[in-house]
Amino acid sequence: MGQFIQQLINGLTLGAVYGLIALGYTMVYGIIGMINFAHGDVYMVSAIMAVTFITLLSALGISSVPLMLVLVLVIVIALTSVYGWTVERTAYRPLRNSTRLAPLISAIGMSIFLQNMVQITQGARVKPVPTLLPGSLELFTANGFTVHLAYTQILIVLVTVALLIGFTALITRTSFGRQQRACEQDRTMTALLGINVDRTISLTFMLGAALAAVAGVMVTVYYGVVDFSIGFVAGIKAFTAAVLGGIGSLPGAMLGGLIIGMIESFWSAYLSPEYKDVATFVILILVLMFRPSGLLGRPEVEKV
Amino acid sequence: MGLLITQPKGAAQRLKDGVGAALIALVLGVPMLGLATADVGGALAVITRWPLLAGFVGVVFVGRLFFQWLIDIFSLRKKRREQARPAVAKSRPWLTWIGFAALGLAVMLPIAFSGNRYVIDTATTVLIYVMLGWGLNVVVGLAGLLDLGYVAFYAVGAYSYGLLSTHFGWGFWQTLPVAGLLAASFGLLLGWPTLRLRGDYLAIVTLGFGEIIRLILLNWTEFSGGPNGVNSIPRPTFFGLPFKPDSDDGATFASFFHLEYSPDHRVTFLYYLILALALLTNLFVSRLRKLPVGLAWEAVREDELACKAMGINVTNIKLSAFAIGAMLGGFAGVFFAARQGFISPESFVFSESATILAIVVLGGMGSQLGVVIAALLLVVLPELGRDFSEYRMFLFGAAMILIMVWRPGGIIAKREPTLRLGAAA
Amino acid sequence: MSALNPHDPASPLLLEVENLTMRFGGLTALDNLSLQVPAGKVTSIIGPNGAGKTTFFNCLTGFYKPTEGSVRMHHPQRGPMLLNQMPSYHVARKAGVVRTFQNIRLFPNMTVLENLMVAQHNALQHASRFSLAGLLGLKDYRQAREAALEKARTWLTRLNLLDRADTVTGNLSYGTQRRIEIARALCVDPLLLCLDEPAAGLNPRESAELNELLLYLSREHGKGILLIEHDMSVVMRVSDHICVLNFGHKIAEGSPQHIQQDPHVIKAYLGEEDKDTEEAAA
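Per an unreviewed UniProt entry, chain C carries the name Arginine transport ATP-binding protein ArtM and comes from Amantichitinum ursilacus. The Sequence similarities (unreviewed entry) comment attached to chain C in UniProt states, word for word, "Belongs to the ABC transporter superfamily."

For chain B, an unreviewed UniProt entry supplies the name Leucine/isoleucine/valine transporter permease subunit and the organism Amantichitinum ursilacus. The Subcellular location (unreviewed entry) comment attached to chain B in UniProt states, word for word, "Cell membrane".

Right, here's the structure in full:
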């Protein structure tokens with residue numbers, strides 16, 4: 001029982017992170033109908049930047065943890081958005097009217113490029129950062145197993161919930177949200193109505209990158225170790241989450257993230273930790289085979 | 001690095017554009033080039049590299065202006081060329097000649113560099129990639145299916161030989177067809193449920209499949225030896241004659257031909273072996289391309305719905321491309337295991353799939369000769385210097401983006417028709 | 001109503017559509033549509049934009065699964081078959097119903113001849129024994145290939161495309177691409193040819209040629225032709241039978257003369273009934 005609750009908490013935390021990354025996949029997919037293969041690496045870039053700025057700010061003598069967190073979040077979100085913008089501008093926009101294979105390949109090229117760029121400029125070693133928020137709440141003890149709720153876990157869940165509320169408001173209440181949804185429906189018509197489609201797509205990439213940046217900072221704070229290769233697996237898992245929830249559906253991405261986080265957490269605890277990644281891949285393949293529209297997505301009608 | 005395509009502009013606008021690109025480069029560069037974290041005395045510390053960042057920003061600024069200028073010239077030329085383009089697809093015999101010349105060079109290479117083991121070894125590696133490239137070209141170039149887990153089939157081939165030879169004493173030639181069939185079955189197994197999916201879903205599923213195979217090989221120690229892999233895999237023999245120093249137990253290659261034993265014999269033999277396998281692959285694929293199935297692969301790449309309307313079973317066509325590509329990958333894997341004598345999951349990581357994909361993409365999707373040129377570039381360039389090999393994947397990634405943006409067809413972009421009415425008459 | 005006699009020996013019944021309904025969510029694109037299409041005749045489907053004409057084609061050719069109703073093909077050799085239960089490629093391969101697309105769907109990077117050879121894929125693939133005989137270059141396969149080339153050459157000649165045979169289709173003009181698409185469909189040996197707006201974008205000379213071709217195919221080759229078209233100069237000249245759709249309903253059916261005078265049709269096209277237009281139509 002105790003271990004079960006513990007895994008539930010761990011799974012929830014992990015799921016929140018996957019959900020944040022999955023939102024980026026789902027938004028970009030919604031607007032351009034393509035998977036952003038470089039999204040996992042944008043997340044990795046943000047985590048590496050979080051390490052740099054946490055180290056830099058502590059060297060500059062900032063000791064207040066909340067201030068530090070806010071500063072790091074703001075800086076990393078801003079910089080990562082520019083990375084998201086650049087990804088769209090170089091790997092997607094020039095190919096918008098190209099064959100269907102071309103943007104996929106350029107995006108994979110971008111993913112390989114980003115990963116190796118970080119390896120070259122930042123080094124291949126694992127980067128440890130000191131824990132910003134040490135300690136945890138002891139919830140209860142059952143059968144000699146104490147269930148912990150780490151402060152970082154509380155932080156991650158709180159930040160994720162706050163972001164989701166803000167984000168939903170952005171999509172449903174603001175003019176950007178309306179333009180974004182209009183582009184999803186019909187890009188040509190939206191352009192004819194005088195809306196700057198290019199700008200909307202750019203902003204969507206930036207927004208996706210910003211959410212990935214939050215996930216990157218949270219993961220850095222939570223695990224305390226980051227390296228250049230984390231984007232690959234996290235990317236696939238978040239993508240699986242997006243597909244599981246129904247690609248194109250924002251609540252679906254979050255739901256999918258939570259499910260994938262739970263599965264990973266329970267699988268590692270009760271079955272075999274070595275095969276936890278295999279479990280995700282198998283889920284991905286099964287979902288795509290049997291329910292490609294996911295849990296909350298709408299089925300696609302092929303246009304003839 | 002950022003903005004690549006724009007309209008021709010005036011000087012002031014160009015300058016503004018260059019400054020914009022430089023500013024973006026600055027923002028992108030600060031956290032990656034300007035700042036870095038490094039281990040200083042046991043703890044992480046931030047180091048700064050402002051000169052590097054300044055250099056990068058400068059290069060982007062100048063490069064942006066230069067490329068703008070270049071694009072203007074190119075787009076003008078392209079317009080002129082398009083106006084002059086003849087309607088009928090021209091036959092290009094010189095490509096065939098280049099092909100034959102390359103073949104001649106390949107055959108002569110061990111003679112020209114006899115005794116230079118390094119050159120022959122590198123050439124063997126190039127040929128492995130050429131063969132893999134030709135195999136993947138069926139899937140990506142002809143059928144237009146993006147397979148990001150091609151290395152899984154290569155691994156199936158390699159482990160088939162590794163395990164069958166060490167456990168059951170199977171020989172190279174015995175294993176080759178079995179491994180090919182096994183790899184093809186894996187291709188069908190993966191393709192059957194997933195080939196109905198959209199292109200980008202297929203890409204990510206194949207990526208996942210490649211990782212599943214690698215993770216299983218890594219973790220299922222009783223079966224595959226886990227991270228230690230499979231050791232002392234027997235080397236291929238020359239029709240039963242082993243390549244080893246003279247000894248009492250039976251004839252060897254050297255004793256049979258009354259030669260003095262030299263380890264170079266095996267290296268040379270392996271080179272010719274992969275050359276023969278690669279040529280067979282080429283022959284096989286070029287013949288298939290001219291058959292109905294090859295034509296249907298390309299038609300599926302061009303328009304699936306139109307294929308269905310013509311009564312073509314699109315799933316079967318895709319499956320056949322997938323299975324044949326997988327089989328060729330399996331063959332290459334068998335050779336790889338036989339050549340190395342040792343295999344481990346390390347050799348079958350995603351970056352290997354990415355390298356093969358880069359070869360196909362850079363060479364020109366669907367072009368056989370393009371694959372050779374790209375394989376040569378991608379294998380030989382990193383050999384030129386240690387520094388270069390560190391930047392290998394980095395440059396592949398960049399090249400994939402640039403090629404897609406500027407020349408989506410690759411080095412050899414133009415497709416050669418499979419038949420002509422004039423020639424057929 | 002000049003309904004067709006399905007037992008007319010000169011034009012045996014090919015396709016029988018009964019109570020076809022197609023719904024997308026709340027939208028009913030086709031409502032209880034019934035239609036009979038004979039061999040050797042041109043049957044046209046007309047109606048304003050959004051009337052459900054292309055949806056009807058998609059239901060016939062297996063691209064959509066109709067919500068209700070049946071589409072039965074009476075194959076002269078293979079007997080009756082239900083198209084609405086077949087996968088789309090079987091519709092062309094087994095039932096001999098082949099379509100073209102409103103927005104031309106050729107294989108743009110392949111030559112005209114290659115497009116026509118792809119259309120003969122099933123016969124050739126069979127002759128190549130799934131590539132084995134083809135790889136070995138056996139006689140059977142070579143003969144089948146010659147026959148396929150001959151068929152391609154025949155249709156290319158008939159459609160005035162012979163000099164374009166080795167050209168990449170993507171570079172050709174719109175009108176030429178339309179003709180290639182028809183030639184490609186003909187290479188599948190259809191019993192029933194479904195053409196989706198074949199005259200769209202053609203100049204007057206080209207559309208006159210199209211008229212002649214449609215009459216030739218139906219009269220000389222006995223092919224059934226199902227035509228969606230907006231160009232009334234084509235529809236009225238070549239059709240034996242016209243079915244008018246509006247908002248998914250069949251509002252009229254009959255000979256061209258009959259349709260031109262039908263008040264429902266005039267209302268659907270011109271908005272409301274009005275003495276002048278009725279006189280003009282008559």
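Next, the rest of the story.
A.B. asks: Looking at this model, I keep getting lost on the layout of surface pockets. Mind explaining?
C.D. replies: Gaps left between atoms are located by rolling a probe of water-molecule size over the structure's atoms. Residues and elements named next belong to chain A. Here the second largest pocket is characterised by a volume of approximately 1100 Å³. Looking at the second largest pocket, it is lined by 45 residues, and the ones nearest its centre are Ser229, Ile230, Gly231, Phe232 and Val233. Per element, the largest residue contribution to the lining of the second largest pocket is eight residues, and it comes from helix H9 (residues 230–245). In the lining of the second largest pocket, the residues fall into 25 nonpolar, ten polar and ten charged.

A.B. asks: Teacher, can you tell me more about the environment of Leu211 of chain A here?
C.D. replies: All names here are of chain A. With respect to the secondary-structure elements, Leu211 resides in helix H8 (residues 197–223). When the C-alpha positions of Leu211 and Val17 are compared, they lie 9.5 Å apart, and in sequence the two are 194 residues distant. Setting aside residues up to four positions removed in sequence, Leu211 forms contacts with Leu20, Leu23, Met27, Leu163 and Phe167.

A.B. asks: Hey, could you run me through the domain arrangement of chain B in this one?
C.D. replies: It is common to give the size of an interface as the accessible area lost on bringing the parts into contact. Under the domain assignment, chain B is made up of domain 1 (11–83) and domain 2 (95–414). Taking only C-alpha atoms into account, the centre of domain 1 of chain B sits 37 Å from that of domain 2 of chain B.

A.B. asks: When you look at the pattern of salt bridges in this model, what are you seeing that I'm missing?
C.D. replies: Should their charged atoms come close, side chains of opposite charge can pair. Taken as a whole and assessed by the stated rule, the structure comprises 27 salt bridges over all chains. Measuring nitrogen to oxygen at the nearest pair gives 3.5 Å for the salt bridge that ties Arg23 of chain C to Glu68 of chain C. Of the two residues, Arg23 of chain C sits in strand E1 (residues 13–24) while Glu68 of chain C sits in strand E4 (residues 68–75), which places them 45 residues apart along the sequence. Across the pair Lys151 of chain C and Asp189 of chain C runs a salt bridge, and its minimum N-O distance is 2.7 Å. In this pair, Lys151 of chain C is assigned in helix H6 (residues 139–158) and Asp189 of chain C in the loop between helix H7 (174–187) and strand E7 (192–196), connecting sequence segments 38 residues apart. Exposure remark for Lys151 of chain C: the relative accessible area of 24% places this residue in the partly exposed category. The class for Asp189 of chain C is partly exposed, based on a relative accessible area of 43%. Among the charged side chains, a salt-bridge network with shared partners connects Arg289, Glu298, Arg301, Glu302 and Arg415 of chain B together with Glu114 of chain C.

A.B. asks: For this particular structure, what's the right way to read unusual backbone geometry?
C.D. replies: Backbone geometry follows two general trends: most residues other than glycine have a negative phi, and most peptide bonds adopt the trans configuration. All names here are of chain C. Positive phi, normally seen in glycine, also occurs at Asn19, with a value near 50°. The topology assignment puts Asn19 in strand E1. Judged by its relative accessible area of 40%, Asn19 falls in the partly exposed class. Within the chain, Asn160 stands out as a residue other than glycine whose phi angle is a positive 60°. Tracing the backbone shows Asn160 in the loop between H6 and H7. What makes Asn160 exposed here is its relative accessible area of 55%.

A.B. asks: Got a minute to help me understand the domain arrangement of chain C in this structure?
C.D. replies: Residue and element names in this part refer to chain C. Each assigned domain of chain C is listed with its residue range as follows: domain 1 (1–96 + 190–282) and domain 2 (105–189). In this structure, domain 1 and domain 2 have C-alpha centres spaced 27 Å apart. Across the boundary between the two partners, domain 1 contributes 20 residues, which contact 13 residues of domain 2. When the two sides are added together, the surface that domain 1 and domain 2 hide from each other amounts to roughly 1300 Å², 65% of it contributed by carbon and sulfur.

A.B. asks: Before we go on, may I ask you to explain the interface of chain A and chain B in this structure?
C.D. replies: Opposite the 63 residues of chain A that make contact, chain B presents 60 residues. Taking both sides of the interface into account, the surface hidden between chain A and chain B amounts to around 5500 Å²; carbon and sulfur atoms contribute 78%. Counting across the interface, chain A meets chain B through one salt bridge. Where Arg125 of chain A meets Asp39 of chain B, a salt bridge forms, and the shortest distance between an N and an O atom there is 3.6 Å. Taken together, chain A and chain B are joined by eight residue pairs in polar contact (both at pLDDT 80 or more). Where the side of chain A that touches chain B is concerned, the elements lending two or more residues are helix H2 (39–59), helix H3 (65–92), helix H4 (101–122), strand E1 (127–128), H9 and helix H11 (276–290) of chain A. The greatest single-element share of the side of chain A that touches chain B, amounting to 16 residues, is contributed by H4 of chain A. Its residues assigned to classes, the side of chain A that touches chain B comprises 44 nonpolar, ten polar and nine charged.

A.B. asks: Help me out: how do you make sense of the sheet that holds strand E8 (residues 224–228) of chain C in this one?
C.D. replies: Backbone-to-backbone hydrogen bonds join strands into a sheet, with any given pair of strands oriented parallel or antiparallel. Residue and element names in this part refer to chain C. Spatially, E6-E7-E8-E3-E9-E10 is the arrangement adopted by the six strands of the open sheet, whose pairing is mixed. The strands lining the two open edges of the sheet, one partner per strand, are strand E6 (97–99) and strand E10 (249–254). In this sheet, adjacent strand axes meet at a mean angle of 15° when their direction is disregarded. In terms of strand pairing, strand E9 (residues 241–246) meets E10 through five bridges, oriented antiparallel. Its bridge partner being in E10, Val244 is matched across the sheet by Ala252. Sheet strands touched by H7: E6 and E7. Its angle to E7, the strand with the most contacts, is close to 160°. Contacts from helix H11 (residues 263–270) reach strand E3 (42–46), E9 and E10, with the element oriented near 130° to E10.

A.B. asks: I'm lost on the packing of aromatic side chains in this one. Help?
C.D. replies: Given two aromatic rings, one states the distance between the centres and the angle between the planes to describe the pair. Residues and elements named next belong to chain B. Per the stated rule, a full pass over the model turns up 34 aromatic pairs over all chains. Between Trp220 and Phe223, the aromatic rings sit 4.7 Å apart at their centres with planes inclined by 25°, giving stacked as the arrangement. Judged by its relative accessible area of 40%, Trp220 falls in the partly exposed class. Judged by relative accessible area, which is 39%, Phe223 ranks as partly exposed.

A.B. asks: Explain the interface of chain C and chain B here, please?
C.D. replies: Listed as interface residues are 45 residues of chain C and, on the opposing side, 36 residues of chain B. Interface area for chain C against chain B, summed over the two sides, is near 3400 Å², with a carbon-plus-sulfur share of 65%. Arg415 of chain B is paired through a salt bridge with Glu114 of chain C; the nearest N and O atoms lie 2.9 Å apart. At the junction of chain C with chain B, the criterion picks out ten residue pairs in polar contact (both at pLDDT 80 or more). Listing elements by their share of the side of chain C that touches chain B, those giving two or more residues are helix H2 (88–93), E6, helix H3 (112–119), helix H4 (121–127), helix H5 (132–136), H6 and H7 of chain C. Ranked by the residues each element gives to the side of chain C that touches chain B, the list is headed by H6 of chain C, at six residues. For the side of chain C that touches chain B, the per-class residue count stands at 23 nonpolar, twelve polar and ten charged.

The rules we used
Residues numbered from 1 in each chain as written. Chains lettered and ligands numbered in written order. Predicted model: local features only at pLDDT ≥ 70, side-chain atom pairs only at ≥ 80, totals over all residues. Heavy atoms only, no water. UniProt positions renumbered as here; feature names shortened; annotations may be inferred. 1 Å grid on protein atoms, 1.4 Å probe; cavity = no way out; pocket = protein on both sides within 12 Å on 5 of 7 lines; lining within 4 Å. Points joined across faces, edges and corners; volume = space filled by probe spheres on them. Helix = DSSP H or I, 4+ residues; strand = E, 2+ residues; numbered from the N terminus. Nonpolar A, V, L, I, M, F, W, Y, C, P; charged D, E, K, R; others polar. Contact = heavy atoms within 4.5 Å. Domains from an automatic or database assignment. Salt bridge = Lys/Arg side-chain N within 4 Å of Asp/Glu carboxyl O. Buried < 20%, exposed > 50% of the residue type's maximum accessible area, 1.4 Å probe, protein only. Buried area = accessible area lost by both parts, 1.4 Å probe. Polar contact = N/O pair within 3.5 Å; in protein donor to acceptor, adjacent residues only side chain to side chain. Pairing = 2+ DSSP bridges. Axes fitted to C-alpha atoms, helices over the stretch in contact; angles between N-to-C directions. Phe/Tyr/Trp six-rings, centres within 6.5 Å; stacked < 30°, edge-to-face > 60°.

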